[in-house]
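Chain residues, written in single-letter form:
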Amino acid sequence: MPRITITVPEKNAQPYRFPLASQVVKLGRSAENDVVIDSGSVSSFHAEMRRTHGGYELHDLGSTNGIKLGEDSYSFIPLRNGMSAKIGDVAFDFLLSDEEISALSQERAPESATTPTLVSLTPASTGPSASTGPSASANRPVPKPAIYTQAASSSGGGTMLLFLIFAAMAFCAGLAVRYQKETGGSLPAAVKAKFLAPPAVR
């Protein structure tokens, strides 16, 4: 059976086991939860561990202190064998046996075998418009700035323009060399004399 271990700071770790077929396991400070966590950092109904196709996910229920992976808060966390997360300030460790890992991997369709993309709810260190907590949506797409697309599309045009400038310079240099060989004079001087000479008086 899958096992989770709850470790409240300064208390002994508490392991819990549940059937692989369990659809929802509720976690929180209230006695109505499947797993009761005695910690002030945990809300009464803090989180749920939900069975998905081929695995489990830990979902925040709008708690005060959220769920974390590392230092970042998320609205949900796909659980993998050996993963450690936090519910408030309480450590949450998830463990599967080899047989359970095999059974879950057989459930997954090829297109669903990848881990869902996580978007952190933790505010960025800069910018006043950063998300401010677990109430933000973790599935919100992050749009690329319009300038990124313009820069990407204009880079090819800039390269072409540079190429044309070099080609024109090479062409002019070739003309100057040929003019000097044929006349012994300088092409720039001849062009200057032709176009900058005062008009002839009739």
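Keep in mind that this is a model prediction, so the values were computed, not measured.

A word on the overall build of the protein
Summing up its helical and strand segments, the protein has three helices and 11 strands in all. Along the protein, helices and strands appear, N-terminal first, in the series β-β-β-β-β-β-β-β-β-β-β-α-α-α. The long-range share in the protein, meaning contacts at least 24 apart out of those at least 6 apart in sequence, stands at 39%. Total accessible area on the protein stands at roughly 13400 Å², and carbon and sulfur atoms take up 59% of it.

Let's talk about the sheet that holds strand S1 (residues 3-7)
A sheet is described by the order of its strands in space; here six strands give the open sequence S2-S1-S11-S10-S7-S8, paired in antiparallel fashion. Looking at the sheet topology across the chains shown, the edges are occupied by strand S2 (14-17) and strand S8 (72-74). Recorded for the sheet is a direction-independent mean angle of 30 degrees between the axes of neighbouring strands. Relative to strand S11 (residues 90-95), S1 runs antiparallel, the two sharing five bridges. Looking at S11, one finds that Arg 3 is bridged to Leu 95.

With respect to the environment of Pro 9
Among the structural elements, Pro 9 can be located in the loop between S1 and S2. Since its relative accessible area comes to 46%, Pro 9 is described here as partly exposed. Sequence separation between Pro 9 and Asp 89 is 80 residues; the distance between their C-alpha atoms is 7.6 Å. Excluding its chain neighbours within four sequence positions, the residues that come into contact with Pro 9 are Asp 89 and Val 90.

A look at the sheet that holds strand S3 (residues 24-28)
Pairing in this open sheet of five strands is mixed, and the strands run S4-S3-S5-S6-S9 from one edge to the other. Across the chains shown, the open sheet's two edge strands, defined by having one partner strand only, are strand S4 (35-36) and strand S9 (76-79). Sheet topology places S3 next to S4; two bridges connect them, and they run parallel. Bridged to Leu 27 within S4 is Val 35.

Some details on the nonpolar core
Membership of the largest hydrophobic core comes to 25 residues, with the highest contact counts inside it found for Leu 27, Ile 37, Met 49, Leu 58, Phe 92 and Phe 94. Breaking this core down by element, the ones donating at least two residues are S1, S3, strand S5 (47-52), strand S6 (55-60), S9, strand S10 (84-87) and S11.

Overview of the packing of aromatic side chains
This model, assessed by the stated rule, comprises two aromatic pairs. Where Phe 18 meets Tyr 56, the ring centres are 5.7 Å apart and the plane angle is 80 degrees; that geometry is what we call edge-to-face. Taken together, the residues span a long stretch of sequence, with Phe 18 in the loop between S2 and S3 and Tyr 56 in strand S6 at a distance of 38 residues. In terms of burial, Phe 18 and Tyr 56 fall into one category: buried. What links up through ring pairs into an aromatic cluster is the set Phe 18, Tyr 56 and Phe 94. The ring of Tyr 56 carries Arg 51 above its face, with NZ or CZ at 5.4 Å from the centroid.

Considering unusual backbone geometry
Unlike most non-glycine residues, Glu 10 shows phi in positive territory, near 65 degrees. Mapping Glu 10 onto the fold places it in the loop between S1 and S2. When its relative accessible area of 87% is taken as the criterion, Glu 10 is described as exposed.

Structural notes on the confidence of the model for the protein
Counting all residues, the mean pLDDT for the protein is 78, and 71% of those residues have values of 70 or more. Taken as a whole, residues 125-154 scores under 50 in pLDDT and shows 20 contacts with residues more than four places along the chain or in a different chain.

Describing a nonpolar patch on the surface
Taken together, the side chains of Leu 161, Leu 162, Ile 165, Phe 166 and Met 169 present a nonpolar region at the surface, about 520 Å² in accessible area. As for its position among the elements, Phe 166 is in helix H2 (residues 146-183).

Observations regarding the side chain of His 59
Along the chain, His 59 falls in strand S6. Owing to a relative accessible area of 15%, His 59 belongs among the buried residues under this scheme. Reaching out from His 59, the side chain makes a polar contact with the side chain of Arg 50 at a distance of 3.4 Å. Leave out the neighbours within four places in its chain, and His 59 touches His 46, Ala 47, Glu 48, Arg 50, Ile 67, Ser 75 and Phe 76.

Rules used throughout
In every chain, residue numbers begin from 1 and rise along the written sequence. Per-residue local features are limited, in this predicted model, to residues with pLDDT of at least 70; the limit for side-chain atom pairs, both in listing and counting, is 80 or more; totals at the level of whole chains, interfaces and linings are taken over all residues. To obtain the side-chain values, all non-hydrogen atoms of the structure were used and water was disregarded. Only DSSP runs of H or I with at least four residues qualify as helices, and only runs of E with at least two residues qualify as strands; both kinds are numbered from the N terminus onward. Every residue pair with non-hydrogen atoms within 4.5 Å of one another is taken to be in contact. Each accessible area value is a Shrake-Rupley result obtained with a 1.4 Å probe; residue values ignore everything except the protein chains displayed when judging cover. One bridge is not enough; two strands pair if DSSP finds at least two bridges between them. Comment: axis = line fitted to C-alpha atoms, over the contacting stretch for helices; angle = value between 0 and 180 degrees taken between N-to-C directions. Each residue gets one of three labels from its accessible area relative to the maximum for its type: buried under 20%, exposed over 50%, partly exposed in between, using a 1.4 Å probe on protein chains only. Here the nonpolar core consists of buried residues drawn from Ala, Val, Leu, Ile, Met, Phe, Trp, Tyr and Cys, with membership extended through side-chain atoms lying within 4.5 Å. Pairing of aromatic rings covers Phe, Tyr and Trp, the last through its six-membered ring, and needs centres within 6.5 Å; plane angles under 30 degrees mean stacked, over 60 mean edge-to-face, and all others mean tilted. Any Lys NZ or Arg CZ that is within 6 Å of a ring centre and within 35 degrees of that ring's normal is treated as a charge sitting over the ring. Looking at any residue, its pLDDT shows the predictor's confidence there, from 0 to 100. A patch is a set of surface residues, each over 30% in relative accessible area and not in a salt bridge, joined within 9 Å for like charges and within 5 Å for the nonpolar side chains Val, Leu, Ile, Met, Phe, Trp and Tyr. We define a salt bridge as a side-chain nitrogen of Lys or Arg found within 4 Å of a carboxyl oxygen belonging to Asp or Glu. Polar contacts, as used here, are pairs of N or O atoms within 3.5 Å; protein pairs need one atom able to donate a hydrogen and one able to accept it. Residues neighboring in sequence count only if both atoms are side-chain atoms.

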